[in-house]
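Each chain is listed here by its residues.
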Amino acid sequence: MDAVKVGLLGLGTVGGGTATVLTRNAEEIQARLGRAIKITHAAGLGIDSQTILDPATTKLTEDAFEVVNDPEVEIVVELIGGYTLAKDLVLKAIENGKHVVTANKALIAIHGPEIMKAAAEQGVSVCYEAAVAGGIPIIKAMREGLAANKIQWIAGIINGTGNFILTEMRDKGRDFADVLKEAQELGYAEADPTFDVEGIDAAHKLTILASLAFGIELQFDKAYTEGISKITAEDVSYAGELGYRIKHLGITRKTDKGIELRVHPTLIPKKRLIANVDGVMNAVLVYGDAVGPTLYYGAGAGAEPTASAVVADIIDAARTIDAPLHHKVPLLGFQDDAMRDTPILSIDDVETAYYLRMEAADKPGVLAEVSDTFAKNNISIEAVLQKEPATGENSVHLIMLTQKCVESSVNHAIQAVENLSSVQGGVVRIRMEHLD
Ligand code: HSE
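Remember, predicted model here, so these are calculated numbers, not experimental data.

Undergrad: Lay out empty space enclosed by the protein in plain terms, naming residues and giving numbers.
TA: All told, the structure shown has one cavity of 30 Å³ or more when counted by the stated rule. Lining the largest cavity are Cys-127, Tyr-128, Glu-129, Ile-139, Lys-140, Arg-143, Glu-144, Asp-313 and Asp-316. Of all the secondary structure elements, the ones that give two or more residues to the lining of the largest cavity are helix H6 (138-145) and helix H12 (303-319). Of all the elements, H6 adds the most residues to the lining of the largest cavity, at four residues. Looking at side-chain class alone, the lining of the largest cavity contains three nonpolar, no polar and six charged residues.

Undergrad: I'd like to hear about the nonpolar core, residue by residue, with values.
TA: Counting 56 residues, the largest nonpolar core has Ile-94, Tyr-128, Ile-138, Met-142, Ile-208 and Val-286 as the members making the most contacts within it. Within the residue set of this core, elements represented by two or more residues are helix H3 (64-68), helix H4 (84-95), helix H5 (105-122), H6, strand S7 (151-157), helix H10 (200-214), strand S10 (259-269) and strand S11 (281-288). Considering every element that reaches this core, the biggest residue donor is H10, with nine residues. Here this core spans two domains, and each of domain 1 (4-135 + 303-338) and domain 2 (141-298) adds at least three residues to it. Those residues in contact with Ile-208 that sit more than four places away from it in its chain are Lys-105, Ile-108, Ala-109, Tyr-128, Ala-131, Val-132, Ile-139 and Leu-218. Residues Ile-37, Ile-47, Ile-314 and Ala-318 belong to the second largest nonpolar core, which totals 30 residues.

Undergrad: So what's going on with the sheet that holds strand S5 (residues 99-102)? Which residues, and what values?
TA: Within the open sheet, the six strands sit side by side as S3-S2-S1-S4-S5-S6. Their pairing is parallel. Every other strand in the sheet has two partners, leaving strand S3 (59-61) and strand S6 (126-127) as the edge strands with one partner each. Relative to strand S4 (residues 75-78), strand S1 (residues 4-9) is paired through four bridges, and the arrangement is parallel. Opposite Leu-8, over in S4, you have Val-77 as the bridge partner. Sitting on the sheet, H12 touches S1, strand S2 (37-43), S4, S5 and S6, and the angle it makes with S4 is about 160 degrees.

Undergrad: Lay out the packing of helix H13 (residues 366-376) against helix H14 (residues 407-418) with the relevant residues and their values.
TA: Axis separation between H13 and H14 bottoms out at 9 Å; the angle between their running directions is 150 degrees. As judged from the angle between their axes, H13 and H14 are roughly antiparallel. Crossing geometry of H13 relative to H14 is assigned as right-handed. Residues Val-370, Thr-373 and Phe-374 of H13 form the contact with H14, whose participating residues are Ala-413, Ala-416 and Val-417. Broken down by class, the residue content of the contact of H13 with H14 amounts to five nonpolar, one polar and no charged.

Undergrad: With reference to specific residues and values, describe the domain arrangement of the protein.
TA: According to the domain assignment, the protein contains domain 1 (4-135 + 303-338), domain 2 (141-298) and domain 3 (347-432). For domain 1 and domain 3, the distance between their C-alpha centroids amounts to 51 Å.

Undergrad: Describe in detail the packing of aromatic side chains, supporting the description with residues and values.
TA: Taken as a whole and judged by the stated rule, the model has two aromatic pairs. Ring geometry for Trp-153 and Tyr-287: centres 5.5 Å apart, planes at 20 degrees, overall stacked. Of the two residues, Trp-153 sits in strand S7 while Tyr-287 sits in strand S11, which places them 134 residues apart along the sequence. For Trp-153, a relative accessible area of 10% translates into the label buried. The partly exposed category is assigned to Tyr-287, whose relative accessible area is 23%. Seen in terms of ring centroids, Phe-164 and Tyr-188 are 5.9 Å apart; in terms of plane orientation they differ by 80 degrees. Their pairing is edge-to-face. Here the residue Phe-164 occupies a position in helix H7 (residues 160-172), and Tyr-188 occupies one in the loop between helix H8 (176-185) and helix H9 (194-197), the gap between them amounting to 24 residues. Tyr-188 carries the same exposure label as Phe-164, and that label is buried.

Undergrad: Describe the layout of surface pockets, with residues and values.
TA: The probe, sized like a water molecule, is rolled over the atoms to show the empty space still left. The space that makes up the largest pocket amounts to roughly 1,000 Å³. The wall of the largest pocket is formed by 47 residues, among which Leu-79, Ile-80, Gly-81, Gly-82 and Glu-190 lie closest to the centre. Put simply, the parts of the chain that give the lining of the largest pocket at least two residues each are helix H1 (13-24), H4, H5, H7, H9 and H10. Grouping the amino acids of the lining of the largest pocket by side-chain chemistry returns 21 nonpolar, 18 polar and eight charged.

Undergrad: Break down the site of the ligand for me, citing the residues and quoting the values.
TA: Near the ligand, the surroundings consist of Lys-105, Asn-159, Gly-160, Thr-161, Tyr-188, Ala-189, Glu-190, Asp-196, Asp-201, Lys-205, Gly-300 and Ala-301. Gly-160 is positioned with one of its backbone polar atoms (N or O) 2.7 Å from an oxygen atom of the ligand. Tyr-188 is positioned such that a nitrogen or oxygen atom in its backbone is 2.7 Å from a nitrogen atom of the ligand. Burial of the ligand by the protein amounts to 93% of the accessible area it has alone, namely 260 Å². Class assignment for the residues of the shell around the ligand results in three nonpolar, four polar and five charged.

Undergrad: Got a sec to walk through the pattern of salt bridges? Specific residues and values, please.
TA: Pairs can form between side chains of opposite charge whenever their charged atoms are close. With the rule as written, the count across this model stands at 30 salt bridges. Residue Lys-87 pairs with Glu-114 through a salt bridge whose shortest N-O separation is 3.2 Å. Remark: Glu-114 occurs in helix H5 and Lys-87 occurs in helix H4; sequence separation between them is 27 residues. Looking at Glu-114, the relative accessible area reads 41%, which means it is partly exposed. The partner of Asp-178 in a salt bridge is Arg-174, with the nearest N and O atoms 3.1 Å apart.

Undergrad: Can you lay out the packing of H1 against H12 for me, pointing to particular residues and giving the numbers?
TA: A packed helix pair is summarised by two numbers, namely the angle formed by the two axes and the spacing between the axes. Running from N to C, H1 and H12 cross one another at 65 degrees; their axes reach a closest spacing of 8 Å. Helix-helix and strand crossings are classified by hand; for H1 and H12 the assignment is right-handed. On the side of H1, the interface is formed by Thr-13, Val-14, Gly-17, Thr-18, Thr-20, Val-21, Leu-22 and Arg-24, while H12 contributes Ala-303, Glu-304, Thr-306, Ala-307, Val-310, Val-311 and Ile-314. Within the contact of H1 with H12, the residues separate by chemical class into eight nonpolar, five polar and two charged.

Rules of the game
- Residues numbered from 1 in each chain as written.
- Predicted model: local features only at pLDDT ≥ 70, side-chain atom pairs only at ≥ 80, totals over all residues.
- Heavy atoms only, no water.
- 1 Å grid on protein atoms, 1.4 Å probe; cavity = no way out; pocket = protein on both sides within 12 Å on 5 of 7 lines; lining within 4 Å.
- Points joined across faces, edges and corners; volume = space filled by probe spheres on them.
- Helix = DSSP H or I, 4+ residues; strand = E, 2+ residues; numbered from the N terminus.
- Nonpolar A, V, L, I, M, F, W, Y, C, P; charged D, E, K, R; others polar.
- Core = buried A, V, L, I, M, F, W, Y, C linked by side-chain atoms within 4.5 Å.
- Buried < 20%, exposed > 50% of the residue type's maximum accessible area, 1.4 Å probe, protein only.
- Domains from an automatic or database assignment.
- Contact = heavy atoms within 4.5 Å.
- Pairing = 2+ DSSP bridges.
- Axes fitted to C-alpha atoms, helices over the stretch in contact; angles between N-to-C directions.
- Parallel < 35°, antiparallel > 145°, perpendicular 65-115°, else oblique.
- Left-handed = near helix turned anticlockwise from the far one by under 90°.
- Phe/Tyr/Trp six-rings, centres within 6.5 Å; stacked < 30°, edge-to-face > 60°.
- Near = heavy atom within 4 Å.
- Polar contact = N/O pair within 3.5 Å; in protein donor to acceptor, adjacent residues only side chain to side chain.
- Areas by Shrake-Rupley, 256 points an atom, 1.4 Å probe, with all protein chains shown as cover.
- Salt bridge = Lys/Arg side-chain N within 4 Å of Asp/Glu carboxyl O.

Written as structure tokens, this is what we have:
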């Protein structure tokens with residue numbers, strides 16, 4: 001059979017990795033697919049100086065539209081990132097009847113509905129395995145491997161840069177900016193690294209996972225997002241003393257009231273496997289009613305791990321290139337007419353436990369006063385840690401772990417505690433999950 005003809009958009013970290021993997025593993029891939037895969041046309045900036053592709057076998061251009069309009073190309077692989085140009089290119093490729101593979105989580109999370117509608121009308125595939133958790137085949141696991149289950153919740157470390165930063169800060173006492181710079185040099189970080197540290201990148205990925213889990217539309221605008229830039233070394237250390245680690249988690253959970261969709265720093269028990277996922281590694285913990293908890297672990301960023309997912313998608317798209325749409329796995333895992341309109345809950349309605357740290361006067365009765373204020377707001381305290389005052393200081397760090405409660409009630413309680421004359425400054429609040 002003829003080789004599958006691929007048009008590649010973007011020759012950066014992931015584009016280069018994809019070309020490398022397709023070349024190095026050509027024999028293995030052909031043995032699995034039954035056809036060779038050739039990059040016949042590629043677009044990238046500075047294409048003349050690139051050394052990844054052979055101009056004798058691949059047409060090279062700086063104009064990505066030349067690739068999506070090339071009648072010979074069957075599968076367009078979009079690896080340029082961003083929303084605007086990427087969206088125009090993908091929609092043009094679909095209009096031209098080409099299958100699309102993309103690693104672009106922002107594009108899917110935000111413009112997914114429009115792209116998938118266009119793809120359904122044209123009868124082409126849109127594959128996006130590399131968009132979530134890099135090399136971990138979590139999209140395939142959710143859409144196919146777990147198809148028998150009612151998914152109850154997902155908790156994931158789905159941003160490698162953020163996890164790398166938190167790990168280096170905890171283990172080596174390095175400072176935030178220094179570790180972030182290294183993540184950028186290693187090609188892990190987004191073009192705008194605030195996407196990594198403020199949780200936007202994780203929220204893009206979580207939006208996709210929630211859709212696959214619960215059969216709901218992609219609703220990035222309803223995701224609650226909180227970053228890691230305010231996490232202090234003190235909180236990391238106190239959490240450790242109490243038996244927890246702080247991880248930047250994406251959490252989505254189906255409740256009686258609706259679906260939780262939230263990204264924020266989270267205390268989780270040290271003994272959970274996912275608490276021990278360090279560095280740039282990602283992990284996604286999925287709880288299905290039949291299977292129970294399952295954990296998927298691997299590299300969430302980097303050239304070849306992401307290329308692993310991109311190439312798997314090219315193989316998938318190539319296998320069903322001529323198949324009618326109803327023979328393919330639905331793009332979001334559920335049939336279009338079976339999608340649900342379950343509401344996404346506001347963060348105020350989310351129920352979770354909390355780590356609260358405050359600076360309190362070091363005098364008799366303060367602990368009782370603070371505990372009483374929480375009790376009056378119906379918040380149960382599970383554990384308390386009081387630190388010795390620093391030399392010459394007359395205030396102490398008081399750390400309280402609450403039981404599960406609704407976010408709006410903890411907000412009221414925090415306000416009341418902050419109004420106590422024995423408490424100085426604000427209360428630091430970090431959400432806490434037991435993941436059991
Ligand atoms: N910036 C992302 C991360 C890349 O650090 O996880 C992979 O999506």
